[in-house]
Amino acid sequence: VTKFGAVGDDATDDTAAIKLAFAAKNKIYFPPKVFLVTSSIDVTSIDDVVVTGFGATLKESSGALASMLSFVLCNNLKISGLHFESNEDYAYFQANSPTERRSHIYLQQCLHADVSNVSGESKRNFILNYLSDHTKISNFSFVGFLADVSGGALSNTNNCPAVHLRGGSYNVVTTGSVNNHGSAVLVELTSEHLSISGITGEELHDNGVYVSSGANCTVSNCSFRNSLGDGVKLRGTNLIAQGCSGYNLTTTVHVSGVNPADSSGAGGWGTVVSGNASYNCSRCVYVSMANTLYM
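Small disclaimer: the values here were computed from a predicted structure and weren't measured.

Considering the overall build of the protein chain
Part 1: Looking only at helices and strands, the protein chain has 2 helices and 26 strands in total.
Part 2: Rg of the C-alpha trace for the protein chain: 19 Å, near the compact-globule value of 19 Å for 295 residues, within the 12% margin.
Part 3: The dimensions of the protein chain, computed from C-alpha atoms along their principal axes, are 60 × 40 × 30 Å.
Part 4: Sorting the 295 residues of the protein chain into buried and exposed places 52% on the buried side.
Part 5: Long-range pairs, those at least 24 residues apart, make up 56% of the contacts in the protein chain between residues at least 6 apart in sequence.
Part 6: Approximately 11,400 Å² of the protein chain is accessible, and the part contributed by carbon and sulfur atoms is 48%.
Part 7: Each charge class in the protein chain was averaged separately, 17 positive and 23 negative side chains, and the resulting centres sit 3 Å apart.

Next comes the structure, spelled out in structure tokens:
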């Protein structure tokens, strides 16, 4: 990106230069500098894009951007090595439409995206994956903008998961850590055939992993501690929670539902809960609604 005029001195606005680089090339390299971004970098309908930047930081000038890197209808996308910074805080989040979806990385209707070895801080969503299939998100870390839970629950924190999966099938989220945020992973819009594993989190104000609406999903080997919500919460069809652990939580695994006849299968059909453990939690496993449950 420096060949297109990006400076990377944490002071110069590098947005225009970065956009030029993406317009001209499908292999983008960020050297280990701090690049200031003042508007969204939008990439649409370009396949085989590779973005690397080990040691590089993309720094948002405010917390107001809908996304820093946005990819729509891009197949075979790879992003690795970047660190993302924003300055969104809880006061800004509360005052500026908490239900709005803002993220560092936004993927919409992409196929075979691979996001790895990335980190971020202080944004309501780190990665938002919307109606994208075969996405793999691995080896990530994120630190949110919420205070420690010892200060009490904060409102609207269910609207700021680090990794947000809205629809899509055959997606994988593995080996990541999330601290001081709403939740680590939120699954919505009846996402199917998901694998979520090896996620850890501390000081979360909502659930660690919440499959709000999913089918044929597995959550395994996740560990959460010192948080206000449940470690793993399952709501859907043919869901599995295995090998997860909780420390100082409400519940390690919570199986819930709103109606057994729900068309999205939110009544807990075909749920398996196996090999989970808790320490100093109100419950290890809590089942509020389920059908054909195996424990």
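Things to note about the pattern of salt bridges
Part 1: Under the defined criterion, the tally for this structure stands at 6 salt bridges.
Part 2: E60 is paired through a salt bridge with K123; the nearest N and O atoms lie 3.0 Å apart. You can see E60 sitting in strand β6 (residues 57–60) and its partner K123 sitting in the loop between β11 (114–121) and β12 (125–130), a full 63 residues away along the chain. Neither E60 nor K123 differs from the other in exposure class; each is buried.
Part 3: When the shortest N-O distance is used, the salt bridge between R102 and E100 registers 2.4 Å.
Part 4: You can call R102 buried: its relative accessible area is 10%.

Some words on the nonpolar core
Part 1: The biggest cluster of nonpolar side chains holds 64 residues, and the ones touching the most others in it are F22, F30 and F71.
Part 2: Residues within four places of F30 in sequence aside, it is in contact with V1, I18, F22, F35, V51, T52, G53, A56, L58 and L82.

Brief notes about the pairing of strand β7 (residues 67–72)
Part 1: Taken across its 6 residues, β7 has 6 buried, putting it largely inside the fold.
Part 2: Two strands pair when backbone bridges link them, and strand β4 (residues 41–44) and β7 are joined in this way by 4 bridges, in the parallel orientation. Paired with V43 across the strands is F71, a residue of β7.
Part 3: Relative to strand β10 (residues 103–108), β7 runs parallel, the two sharing 5 bridges. Directly across from S67, in β10, lies its bridge partner S103.

How each quantity is defined
Residues numbered from 1 in each chain as written. Predicted model: local features only at pLDDT ≥ 70, side-chain atom pairs only at ≥ 80, totals over all residues. Heavy atoms only, no water. Helix = DSSP H or I, 4+ residues; strand = E, 2+ residues; numbered from the N terminus. Rg over C-alpha atoms; globule rule 2.2 N^0.38 Å. Buried < 20%, exposed > 50% of the residue type's maximum accessible area, 1.4 Å probe, protein only. Contact = heavy atoms within 4.5 Å. Areas by Shrake-Rupley, 256 points an atom, 1.4 Å probe, with all protein chains shown as cover. Lys, Arg positive; Asp, Glu negative; His and termini not counted. Charge placed at Lys NZ, Arg CZ, Asp CG, Glu CD. Salt bridge = Lys/Arg side-chain N within 4 Å of Asp/Glu carboxyl O. Core = buried A, V, L, I, M, F, W, Y, C linked by side-chain atoms within 4.5 Å. Pairing = 2+ DSSP bridges.

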